[in-house]
Amino acid sequence: RMGPLAEADALLYRALHTDPAVMSFVCAPLTDAAASASFAAALRANALAWPARRTWSVAASEAAPPCGIVALVADPDDASAAELGGMFLPSARGR
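Cut-offs used in this document
Residues numbered from 1 in each chain as written. Predicted model: local features only at pLDDT ≥ 70, side-chain atom pairs only at ≥ 80, totals over all residues. Heavy atoms only, no water. Helix = DSSP H or I, 4+ residues; strand = E, 2+ residues; numbered from the N terminus. Rg over C-alpha atoms; globule rule 2.2 N^0.38 Å. Buried < 20%, exposed > 50% of the residue type's maximum accessible area, 1.4 Å probe, protein only. Contact = heavy atoms within 4.5 Å. Areas by Shrake-Rupley, 256 points an atom, 1.4 Å probe, with all protein chains shown as cover. Axes fitted to C-alpha atoms, helices over the stretch in contact; angles between N-to-C directions. Parallel < 35°, antiparallel > 145°, perpendicular 65-115°, else oblique. Left-handed = near helix turned anticlockwise from the far one by under 90°. Arc of directions from axis to C-beta. Core = buried A, V, L, I, M, F, W, Y, C linked by side-chain atoms within 4.5 Å. Patch = residues over 30% accessible without salt bridge, like charges linked within 9 Å, V, L, I, M, F, W, Y side chains within 5 Å. Salt bridge = Lys/Arg side-chain N within 4 Å of Asp/Glu carboxyl O. Lys, Arg positive; Asp, Glu negative; His and termini not counted. Charge placed at Lys NZ, Arg CZ, Asp CG, Glu CD. Pairing = 2+ DSSP bridges.

Draft legend 1. Local environment of the overall build of the protein. In terms of helices and strands, the protein carries 3 helices and 4 strands. Counted from the first residue to the last, the protein has its helices and strands arranged as β-α-α-α-β-β-β. In terms of overall size, the protein behaves like a compact globule, its C-alpha atoms giving a radius of gyration of 13 Å where 95 residues would be expected to give roughly 12 Å. Classification of the 95 residues of the protein by burial places 33% in the buried group. Nonlocal contacts in the protein, meaning residues at least 24 apart in sequence, comprise 42% of its contacts between residues at least 6 apart. Surface exposure of the protein reaches about 5700 Å², of which carbon and sulfur atoms provide 62%.

Structure, rendered in structure tokens:
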């Protein structure tokens, strides 16, 4: 199940962005403050007209809690291109 990132996803977002194992694929882990600021920016971006950035939380089923996020980020230099990325809790990998 996927749904737009929402306030209820704040703890998941922070957990992903501050976890060294998760962030080893991206960059250095964020501080709590930086992860909170990034979360607020992602929520704001979801409210903007495309092209921007869209972020969704992901769960294995309707009944399961979210285990990751995916984002679609428009390429500011090429209106026909975008980057898709995902981050998942270590416990959700390989499922």
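Draft legend 2. Broad picture of the packing of helix α1 (residues 10-18) against helix α3 (residues 32-47). Look at α1 against α3: their axes get within 9 Å of each other, and the N-to-C directions meet at 125°. Classed by the angle they form, the pair α1 and α3 counts as oblique. Read as a crossing pair, α1 and α3 show a hand that is right-handed. Where α1 approaches α3, its residues A10, Y13, R14, H17 and T18 are matched on the opposing element by D32, A35, S36, S38, F39 and A42.

Draft legend 3. Fine view of α1. Listed as buried for α1 are A10, L12, Y13, L16 and H17. Along the axis of α1, the buried residues cluster in a sector spanning 165°; they form a single face. In the core, the buried residues of α1 are packed alongside α2 (20-23), α3, β2 (53-59), β3 (66-74) and β4 (82-88).

Draft legend 4. Structural context of the nonpolar core. Membership of the largest hydrophobic core is limited to 11 residues, which are L5, A10, L12, Y13, L16, V22, M23, F39, A42, I69 and M87. When contributions to this core are tallied by element, the ones reaching two or more residues are α1, α2 and α3. Sorting elements by how many residues they give to this core places α1 first, with 4 residues. Excluding anything up to four places from it in sequence, A42 contacts L5, Y13, R53 and T55.

Draft legend 5. Here's a closer look at a negative patch on the surface. A cluster of acidic residues, D75, D77, D78 and E83, forms a negative patch at the surface. Topologically, D77 is positioned in the loop between β3 and β4. Assessed through its relative accessible area of 74%, D77 is described here as exposed.

Draft legend 6. Focus on the sheet that holds β4. Pairing within the open sheet is antiparallel, and its 4 strands lie in the order β1-β2-β3-β4. Two strands close off the open sheet at either side, each with one partner strand: β1 (2-4) and β4. Taking each pair of neighbouring strands and ignoring which way they run, the sheet shows an average axis angle of 25°. Judged from the 7 bridges that link them, β2 and β3 form a sheet pairing that is antiparallel.

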